[in-house]
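# Topology and contacts: notes
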Amino acid sequence: MIPEIGHFALIVALFLAFCLGILPIIGAARNNPILMGTARPLVHGQFVFLAIAFGCLTYAFVANDFSVLYVAQHSNSQLPVAYRVAAVWGGHEGSLLLWAFLLGGWALAVAVFSKHLPEEMVARVLGVMGLVAVGFLLFMLFTSNPFDRLLPAAADGADLNPLLQDPGLVIHPPMLYMGYVGFSVAFAFAIAALLGGRMDATWARWSRPWTTVAWVFMTGGIALGSWWAYYELGWGGWWFWDPVENASFMPWLLGTALIHSLAVTEKRGAFKSWTVLLAIAAFSLSLMGTFLVRSGVLTSVHAFATDPKRGIFILSFLVIVIGASLLLFAWRAPKIGLGGKFDLLSRESLLLLNNVLLSVATASVFIGTLYPLFMDALGLGKLSVGPPYFHAVFVPLMAPMVLLMGLGPLARWKNFSAPELFRRVSWAFAGAALLALLLPLAMGKWTAMIALGLLLAFWIVASVLLSLRERLAGHGNFMKRARGQSLSYYGMQFAHLGVAVFIIGVTLVKGYETERDVRMNVGDTVQAGSYEFRFNGVTDTQGPNYVAGQGRVSASKNGKLVTELFPEKRQYNSSGMPMTEAAISPGWLGDLYVSLGEPIPDGNGAWAVRVYIKPFVDWIWAGCLLMMLGGVLAISDRRYRIHRKNTKHVSDKIGATNAMTLEGKAS
Amino acid sequence: MKPEMRDNMKPRQKRFVFIVVAVVALALVVGLVLNALNKNVSLYFTPTQVFNNEAPQGRSFRIGGLVEEGSVKREKDGLTVNFVITDKHKSIPAIYKGILPDLFKEGKGVVAQGKIEADGVMHAEEVLAKHDENYMPPEAADALKKGETANASAVAATSASAPAASAAK
């Protein structure tokens, strides 16, 4: 009964989305306030019914209703309750429902927090989001209904893939999806601007916080996924340039470009058409990410489906969305114009260069990811593009971008004098370069890549410090000046520092990691870096839904015991799948990482063991956290909140003056 | 003349400079991408193709198929593993030093990346992990299909003329 209610709620949500996609947009075109006014109630209704559907599926999982096909495929009665809830998005159908539910949530948020926007803008934005929802709900109802019944019901479920039974994976997909779906808001704002033919600094100020929030979620989602891969896949890698990772990385790169382009549009009124194009592209890549991951075209842990009907549906959906928005762009972009003029040497042109580099980087990832697909589709043979391709392309593109990243915030808008700027930064740059050249020597190994990575990171730090000094130094009250800077300024600097911390992590872990795969008898020791690892054998333990061999490894430094590690090799009861659970002892300066390979046959308890030292690896995710914090600070800026009060004030004032004139006339 | 030009660069000249810079940058990027692709694409071959010497010599490529039953042997160091990759038509021996993925098993699908050395053995640098028991790497599935068709035609050929069927081991 409950699943049928969920199914019915989806159909109602589809109907409401249809109305939402049509009525308010017509209303905005005809300037009909009644039709425009339908947008908010429709969004509320849509959200309620999507929430009901989502709740029904969650209930089916928690209650172990194995008469629902999707539940039977992705859950098991032995599964702990928390993972049963997470299993809702552990497969294709449920992920789509999560997508649609989050889309409803974003639309609701726009409806609630847009009281200060002109009615026709709200109508158009919500209408476009309604159209996107129509696409997804149709897709779900016709090709991937999560509420399909399985008759007769299965006695027990097939279980959730053990790799996904992990706290990191409980949060990773919703977070990433919040980002994917969040870009639909930026997209809807862009389409609304095209439809209305009006795009100015105010428009940019409206859509900026939404884009930043989406970007923050996406950063978090990608970072969580990477962290999960690091501790869960059991071999210590944190980024594999896997097509599925690339699918989320591409919209992130373009989203980053979009944030910067929006900044120029807000501050200087420039880059208008470009901003719109970026918003369209970022959302299209989000959709494509969903397509790549969900269609089964790319086979990996994320590819839940291998049903071509779904692929064709998403592909046509994609073609319609991209085609229609580009047509609209070609037709309406001349009307919104290119925006303000700027000199060859100006903060605008630096940001333009940053945008170009980010877009080119996106394109290169795109080529590397889809090239094998195209070749295969054209019958030219099967091939794969490995991580070396991405390294070879990415470093030369990102290095100049990071150098520019230090200059940008220091340069003046409209135009700057190159000699003056270079004089200002010369000491900062020289200091960063000197430190980057010498530090690797002190750490015992010097390579050009390490020095380059450190140079980029230290250069960012130095430029941030320089900018802070220029703004805050001087006589008098320091705290007052510090408080005088806008939150969005601090947000930018935090995010940039995040990039520096991230680069330090990547550089040092790549440069100084020790990886030893060794055969270890009970009592054997192995030296890795400055640590000595002793293998104390493997004993059997029992988990809630698995049995495991638990290894005991003690790590010591200079003869002193540092920590004990307990890596596991698990065998899951229902699926019979083996799983490696690494043991990690984290630290600011690096992680000790031990995972069990396999038992050596006839080895008297000997095992193949991975013993890794990962210096500064956690800085990678700390950097992502800083970037997120920067984004959060930026959207907390006063000017986004003051806006609402201002409009209220103005209307109050108008009311007051009206009253006064009336009074004046009366007297 | 020159300083004047720089001081009042006309919009037309500015645009020209911009276009030249853009074209040069584009050429650089395209070159970079093509070069990287050219160097880092690894082609995929089936055991039958490798057997027929269709795979490149001295260059890394990928091979997909099944791990032949009973073929996995460990050397004394416990880390070096010898096994045979088959598409049920032709088989190629492979060697890998390191820890194999959890789901590496005899009779299951596998994809290995590496080079064929002079000894005719695939020296794998990487053995690809699968994430799911029921999942077959597409390359391996493809190899099996091709192997089957090759077997079918081999059977047809043997029934026509008796000899030369034993090479399929």
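What counts, and at which threshold
- Along each chain, numbering runs from 1 in the same order as the chain's sequence is written.
- A letter from A marks each chain and a number from 1 marks each ligand, given out in the order of writing.
- Residue-level local features of this predicted model are given only where pLDDT is at least 70; pairs of side-chain atoms are given and counted only at 80 or more, and the full residue set underlies all totals for whole chains, interfaces and linings.
- In DSSP terms, a helix is any run of H or I states spanning at least four residues, a strand is any run of E spanning at least two, and both are numbered starting from the N terminus.
- With the radius of gyration taken over C-alpha atoms, the globule rule is written as 2.2 Å times the number of residues to the power 0.38.
- Residues with at least 20 neighbouring C-beta atoms inside 10 Å of their own are called buried, those with 12 or fewer are called exposed, and the rest are partly exposed, where every C-beta is derived from the backbone.
- The contact criterion used is a C-beta to C-beta distance within 7 Å, with each C-beta placed from the backbone.
- What makes a nonpolar core is a set of buried Ala, Val, Leu, Ile, Met, Phe, Trp, Tyr and Cys residues, with links drawn between C-beta atoms within 7 Å.
- Note on pairing: two strands pair once DSSP finds at least 2 bridges between them.
- Following the grouping adopted for this structure description, the nonpolar residues are Ala, Val, Leu, Ile, Met, Phe, Trp, Tyr, Cys and Pro, the charged ones are Asp, Glu, Lys and Arg, and the polar ones are all others, Gly among them.
- Only the contacting stretch of a helix is used when fitting its axis, a line to C-alpha atoms as for every element, and angles between N-to-C directions run 0 to 180 degrees.
- Comment on the angle field: the value is read as roughly parallel under 35 degrees, roughly antiparallel over 145, roughly perpendicular from 65 to 115, and oblique elsewhere.
- For any helix crossing, the convention is left-handed if the near helix is rotated counterclockwise from the far helix by under a right angle, and right-handed if that rotation is clockwise.
- Every residue is assigned a pLDDT by the predictor, reflecting its confidence on a scale from 0 to 100.

The subject of this paragraph is the overall build of chain A. Broken down by element type, chain A carries 20 helices and 11 strands. Its C-alpha atoms give chain A a radius of gyration of 27 Å, near enough to 26 Å, the size a compact globule of 667 residues would have. When its C-alpha atoms are laid out on the principal axes, chain A stretches across 105 × 75 × 60 Å. For chain A, with 667 residues in total, the buried portion stands at 50%.

The next subject is the overall build of chain B. From N to C terminus, chain B includes four helices and seven strands. Secondary structure elements of chain B, listed N to C terminal, follow the sequence α-α-β-α-β-β-β-β-β-β-α. A buried classification covers 31% of the 169 residues belonging to chain B. The contacts in chain B between residues at least 6 apart in sequence include a share of 58% that link residues at least 24 apart.

Here the focus is the nonpolar core. Core analysis: the biggest nonpolar cluster contains 187 residues, and Ala100(A), Leu103(A), Leu126(A), Ala186(A), Phe189(A) and Ala279(A) have the highest contact counts within it. Here this core gets 18 residues from one element, more than from any other, and that element is helix 8 (residues 167-196) of chain A. Among residues more than four places away in sequence, those in contact with Phe189(A) are Val125(A), Trp206(A), Ser207(A), Trp210(A) and Ala279(A). If you look at the next biggest cluster of nonpolar residues, it comprises 48 residues, including Met520(A), Ala608(A), Leu66(B) and Ala124(B).

This part covers the pairing of strand 1 (residues 41-45) of chain B. Of the pairings in the sheet, the one linking strand 1 (residues 383-385) of chain A to strand 1 of chain B comprises three bridges and is antiparallel in character. In the sheet register, Ser384(A) faces strand 1 of chain B, and the bridge partner there is Ser42(B). Sheet topology note: the strand 1 of chain B/strand 2 (residues 61-67) of chain B ladder contains two bridges and is parallel. Paired with Tyr44(B) across the two strands is Arg62(B), which belongs to strand 2 of chain B.

Every other side chain in a regular strand lies on the same face of the sheet, so the side chains alternate between the two faces. Residues and elements named next belong to chain B. Buried residues dominate strand 6 (residues 109-116), accounting for six of its eight residues. Both strand 2 and strand 6 contribute to a ladder of six bridges, which runs antiparallel. From the neighbouring strand, Gly64 faces strand 6, where its bridge partner is Val111. In terms of strand pairing, strand 6 meets strand 7 (residues 122-127) through five bridges, oriented antiparallel. Across the sheet, Ala112 pairs through a bridge with Val127, a residue of strand 7. In sequence, strand 6 turns back onto strand 7 through a hairpin of five residues, with Gly120 there showing a positive phi of about 75°.

Moving on, we get to unusual backbone geometry. Residue and element names in this part refer to chain A. At the junction of Leu151 and Pro152, the peptide bond is cis and its omega measures out at -5° in the coordinates. Locating Pro152 in the fold gives a position in the loop between helix 7 (119-143) and helix 8. With phi around 70°, Lys414 is a residue other than glycine that occupies positive phi space. Checked against the element boundaries, Lys414 lands in the loop between helix 14 (387-407) and helix 15 (418-442). Residue Lys414 is classed as partly exposed on the basis of its C-beta count, with 15 C-beta atoms lying within 10 Å. Non-glycine residue Phe616 carries a positive phi angle of around 60°. Tracing the sequence through the fold places Phe616 in the loop between strand 11 (607-615) and helix 19 (618-635). On the neighbour-count criterion, Phe616 (23 C-beta atoms within 10 Å) is buried.

Of the residues lining the interface, 27 residues belong to chain B; the matching set on chain A comes to 37 residues. Broken down by secondary-structure element, the contributors of at least two residues to the side of chain B that touches chain A are helix 2 (11-40), strand 1 and helix 4 (138-160) of chain B. If one sorts the elements of the side of chain B that touches chain A by residue count, helix 2 of chain B sits on top with seven residues. Residues of the side of chain B that touches chain A, tallied by class, amount to 13 nonpolar, five polar and nine charged.

With that settled, consider the packing of helix 14 of chain A against helix 16 (residues 448-472) of chain A. Residue and element names in this part refer to chain A. At a minimum axis distance of 8 Å, the contact between helix 14 and helix 16 shows a crossing angle of 20°. Taken together, helix 14 and helix 16 sit at an angle that is classed as roughly parallel. Where helix 14 crosses over helix 16, the two elements pack in a sense that is left-handed. On helix 16, the residues that touch Ala399, Val402, Leu403, Met405 and Gly406 of helix 14 are Leu452, Leu456, Trp459, Ile460 and Ser463. Split into classes, the residues belonging to the contact of helix 14 with helix 16 amount to eight nonpolar, two polar and no charged.

All names here are of chain A. Spatial strand order, 2-11-10-9: four strands in an open sheet with antiparallel pairing. With partners counted over all chains shown, the strands left at the sheet margins are strand 2 (514-520) and strand 9 (583-585), one partner each. Here the strands of the sheet are splayed against their neighbours by 15° on average, with no regard to which way each runs. Bridge analysis of strand 10 (residues 590-599) against strand 11 gives eight bridges, and the strand direction is antiparallel. The partner of Tyr593 across the bridge, within strand 11, is Tyr612.

Further remarks concern the environment of Gly576(A). All names here are of chain A. Tracing the backbone through its elements, the reader meets Gly576 in the loop between strand 7 (568-572) and strand 8 (578-581). Assessed through the 10 C-beta atoms surrounding it within 10 Å, Gly576 is described here as exposed. A C-alpha to C-alpha distance of 9.6 Å links Gly576 and Pro162, two positions 414 residues apart in sequence.

The subject of this paragraph is the confidence of the model for chain B. All names here are of chain B. In this model, chain B carries an average pLDDT of 76, and 78% of its residues clear a pLDDT of 70 or more. Here helix 1 (residues 2-7) stands out as the element of chain B with the lowest mean pLDDT, 42, in contrast to strand 5 (residues 91-97), whose mean of 91 is the highest. Counting contacts from residues 1-7, a segment whose pLDDT is below 50, to residues more than four positions away or on other chains yields zero contacts. In the predicted structure, residues 159-169 sits below a pLDDT of 50 and forms six contacts with residues beyond four places in sequence or in another chain. Under the prediction, the complex receives an ipTM of 0.76, its pTM being 0.88.

So, on to the packing of helix 14 of chain A against helix 2 of chain B. In the contact formed by helix 14 of chain A and helix 2 of chain B, the axes pass within 8 Å of each other and the chain directions differ by 160°. The pairing of helix 14 of chain A with helix 2 of chain B is recorded here as roughly antiparallel in orientation. Judged by the sense of rotation from one axis to the other, the crossing of helix 14 of chain A with helix 2 of chain B is right-handed. Contacts from Pro388(A), Tyr389(A), Ala392(A), Val393(A) and Pro396(A) of helix 14 of chain A reach helix 2 of chain B at Leu32(B), Val33(B), Ala36(B), Leu37(B) and Asn40(B). Within the contact of helix 14 of chain A with helix 2 of chain B, the residues separate by chemical class into nine nonpolar, one polar and no charged.

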